[in-house]
Amino acid sequence: QVQLVESGGGLVQAGVSLRLSCEASGYTFSNARMGWFRQAPGKEREFVAYIDWSGGTTYYPNSVKGRFTISRDNARNTVYLQLNSLKREDTAVYYCARARFGRTTFARSVDYDVWGQGTQVTVSS
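As the structure is a prediction and not an experimental result, all values here were calculated from the model.

The next point concerns the sheet that holds strand E8 (residues 78-83). One open sheet accounts for four strands, arranged E1-E3-E8-E7; its pairing is antiparallel. Each end of this open sheet is capped by a strand with a single partner; those strands are strand E1 (3-7) and strand E7 (68-73). Averaged over all adjacent pairs, the angle separating strand axes in this sheet is 15 degrees, with direction ignored. Pairing analysis gives five bridges linking E1 to strand E3 (residues 18-25), with the strands arranged antiparallel.

Here is the structure:
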């Protein structure tokens, strides 16, 4: 059974850091590209980070570039999202996802076929 399980969310004050983790199971993790998205109440799901199979290529939208860092440990079947200098507008449920095989695109929800259940990040001022 293919599964992604996120952890690491919480309630934090603005300016601090958090590290989210996403552990994969049920498939060969090192063969898959991975991404992180977030969804705030009343808003559409938003792409926040992408990483290729080896971790050598990453991509971020301007809204989080320089503050968020995606990484992976293929030996642990885990992808991480480091969130630094958190702002209130970062409050959302954060999801990790597996990119569809056979595609090269990665910034849209439809580019992913397996999703975790999400972890809540709440940033207070």
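Attention shifts here to the side chain of Arg98. Mapping Arg98 onto the fold places it in strand E9 (residues 92-99). Beyond its immediate sequence surroundings of up to four residues, Arg98 is in contact with Val2, Leu4, Tyr27, Ala32, Arg33, Met34, Asp111, Tyr112, Asp113 and Val114.

Calculation rules
Residues numbered from 1 in each chain as written. Predicted model: local features only at pLDDT ≥ 70, side-chain atom pairs only at ≥ 80, totals over all residues. Heavy atoms only, no water. Pairing = 2+ DSSP bridges. Helix = DSSP H or I, 4+ residues; strand = E, 2+ residues; numbered from the N terminus. Axes fitted to C-alpha atoms, helices over the stretch in contact; angles between N-to-C directions. Contact = heavy atoms within 4.5 Å.

Distances and angles like these do not, on their own, reveal function.
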